[in-house]
Amino acid sequence: MPLEIVTIPCRTDNYAFLLHSDETGETAVIDAPDAPPILAELKRRNWQLSEIWLTHHHYDHVDGTAELKDATGARVVGASADADRLPPLNLAMDDAGTFQFAGSAVHVFDVSGHTVGHIAFHVPDVPALFTGDSLMALGCGRVFEGTPEQMWNSLSKLAALPGDTIVCSGHEYSANNAKFAATIEKDNPRLAARIQAITDARAADQATVPTLLSEENATNPFLRANLPALKAAVGMQNASDAAVFGEIRARKDAF
Ligand code: ZN
Ligand code: FE
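Just so it is clear, the structure is predicted and the values come from calculations on it, not from any experiment.

Caption draft 1: Structural context of helix H1 (residues 35-45). Those residues of H1 lying buried are Ala35, Ile38, Glu41 and Leu42. For H1, the buried positions fall inside an angular range of 135° around the axis, keeping them on one side. In this structure, H1 carries Lys43 and Arg44 as exposed residues pointing more than 90 degrees from its buried face. Residue asparagine 46 follows H1 closely and has a positive phi angle near 60°.

Encoded structure:
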C-alpha cells in the first residue's frame, strides 16, 4: 500500500501535508502552520496523527505544533541543529540521518540557507520530498540566515534526487515566482508552458503545489544557475554556480 499525500492550505498562503499509511494507520503532518485546518482534515478522514515533522523554526511552519501535540500526542521530529529554536522535539535528527515511518525510510537533509538548521524530509518509497521554504515550486526561499553558497549547495542536493520525486513545498508562491522566472529565462519552452499552467490553476483557485522534481529541474531558475544559458542570461558567463545563484536570488528579492 503506497503512502498517501494530502495537501492542506493553512494561514494566508502556507501548506501543510499529511502523509498517511492505510496499512499501519499512521499519519504524519509535515509542518504545523496552524492546528485547526490540520485537525479538521484528520477528523474528516478519520485519521490519527502520529507524527509532526518540522522543516524549520519560522512561526508560519511551527505555530500549530503545541495544539496538535496536545490534541493527538504525536511525536515531534525536527533538526537537532535547531532544537533550541524549534518546539520541544521527541526525535532530533542530524543531516543525512534516517528514521522509519510506517515501514518506510525517511531521509533527512540539511538544507540550510533560508534558515540555518532548515531540513528537508525525503521518503524514497513514495517518492516524496518535503522542502518547507528551501526548494519551492518554481522558486526557493529567501536566504535569511545562511549564505547564497550554502543555499545553492542545499538546493543542489535536492535537485540530484530522482526526477519523479513529488516536491511538497511550504507556500503558494507560484504565480509571483512565474512572473520572476520569465524575466530570467525568456526562451525556455517548458518554462513558458509551466507559467501558463500556473496562471490557469490560480485563475481556477487551484493549488500549484506539489510539483515534480523533473519539472523543477527543467524550469526553476534557482536550480539552473549552473547552466551556461542561465549564466549568459544574467551576464555572468564566467562566474561560479553559487555566484550566479546569488545574483538570481538578489534579483528576486528586489522583484
Ligand atoms: Zn520560512
Ligand atoms: Fe514560510
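The rest of the description comes next.
Caption draft 2: Quick look at the coordination of the iron ion (ligand 2). At 2.1 to 2.4 Å from the iron ion (ligand 2) lie its protein donor atoms, namely Asp60 (OD), His61 (NE2), Asp133 (OD) and His171 (NE2). Between the iron ion (ligand 2) and the zinc ion (ligand 1) the interatomic distance comes to 3.1 Å, and aspartate 133 is a ligand of both metals. Of this pair, aspartate 60 sits in helix H2 (residues 59-62) while histidine 171 is found in the loop between strand E13 (166-169) and helix H5 (174-184), placing the two residues 111 residues apart along the sequence. Across the pair, exposure class does not vary: aspartate 60 and histidine 171 are buried alike.

Caption draft 3: The arrangement of the coordination of the zinc ion (ligand 1) in detail. Within the first shell, the zinc ion (ligand 1) binds the protein through His56 (NE2), His58 (ND1), His114 (NE2) and Asp133 (OD), at distances of 2.2 to 2.3 Å. Every donor counted, the four donor atoms about the zinc ion (ligand 1) form angles of 86 to 172° at the centre, which fits irregular coordination. Mapped onto the polypeptide sequence, the residues donating to the zinc ion (ligand 1) form the spacing pattern H-x1-H-x55-H-x18-D.

Caption draft 4: View of the packing of aromatic side chains. On inspection of all chains with the given rule, the structure shows 11 aromatic pairs. Summarising the aromatic geometry, the rings of tryptophan 53 and phenylalanine 101 are spaced 5.4 Å apart at their centres and angled 85° between planes, so their arrangement reads as edge-to-face. A residue pair is termed long-range when its members are at least 10 positions apart, and tryptophan 53 in strand E4 (residues 51-53) and phenylalanine 101 in strand E7 (residues 98-101) qualify at 48 residues. With respect to burial, tryptophan 53 and phenylalanine 101 carry one shared label: buried.

Caption draft 5: How the structure looks around the nonpolar core. Counting residues in each nonpolar core, the largest one holds 26 residues, and the members touching the most others are Leu135, Leu155, Leu158, Phe222, Phe245 and Ile248. Within the residue set of this core, elements represented by two or more residues are helix H4 (148-159), H5 and helix H9 (241-253). Discounting chain neighbours no more than four positions away, the residues touching phenylalanine 222 are Leu138, Gly139, Cys140, Trp152, Leu155, Phe180, Phe245, Ile248, Arg249 and Lys252. Formed by 23 residues, the second largest nonpolar core is a distinct cluster that contains Phe17, Phe99, Phe101 and Val106.

Caption draft 6: Highlighting the pattern of salt bridges. Per the counting criterion, the structure on display carries 16 salt bridges. A salt bridge links aspartate 82 to arginine 85; its shortest N-O distance comes to 2.7 Å. The salt bridge involving glutamate 145 is made with arginine 85; its shortest N-O contact spans 2.9 Å. With glutamate 145 in the loop between strand E12 (139-140) and H4 and arginine 85 in the loop between strand E5 (75-79) and strand E6 (91-93), this residue pair connects regions lying 60 residues apart in the sequence. Through salt bridges with shared partners, a single ionic network connects Glu4, Glu41, Arg44 and Arg45.

Caption draft 7: Representation of the side chain of lysine 252 within the structure. As for its placement among the helices and strands, lysine 252 is situated in helix H9. Aspartate 253 is the oppositely charged side chain nearest to the buried, salt-bridge-free lysine 252, at an N-O distance of 6.8 Å. Excluding residues that lie within four positions of it along the chain, lysine 252 makes contacts with Asn176, Asn177, Phe180 and Phe222.

Calculation criteria
Residues numbered from 1 in each chain as written. Chains lettered and ligands numbered in written order. Predicted model: local features only at pLDDT ≥ 70, side-chain atom pairs only at ≥ 80, totals over all residues. Heavy atoms only, no water. Buried < 20%, exposed > 50% of the residue type's maximum accessible area, 1.4 Å probe, protein only. Helix = DSSP H or I, 4+ residues; strand = E, 2+ residues; numbered from the N terminus. Arc of directions from axis to C-beta. Donors = N, O, S within 2.8 Å, 3.2 Å for Na, K, Ca; no water. Tetrahedral: all angles 85-135°; square planar, octahedral: opposite > 155°, others 65-115°. Phe/Tyr/Trp six-rings, centres within 6.5 Å; stacked < 30°, edge-to-face > 60°. Core = buried A, V, L, I, M, F, W, Y, C linked by side-chain atoms within 4.5 Å. Contact = heavy atoms within 4.5 Å. Salt bridge = Lys/Arg side-chain N within 4 Å of Asp/Glu carboxyl O. Lys, Arg positive; Asp, Glu negative; His and termini not counted.

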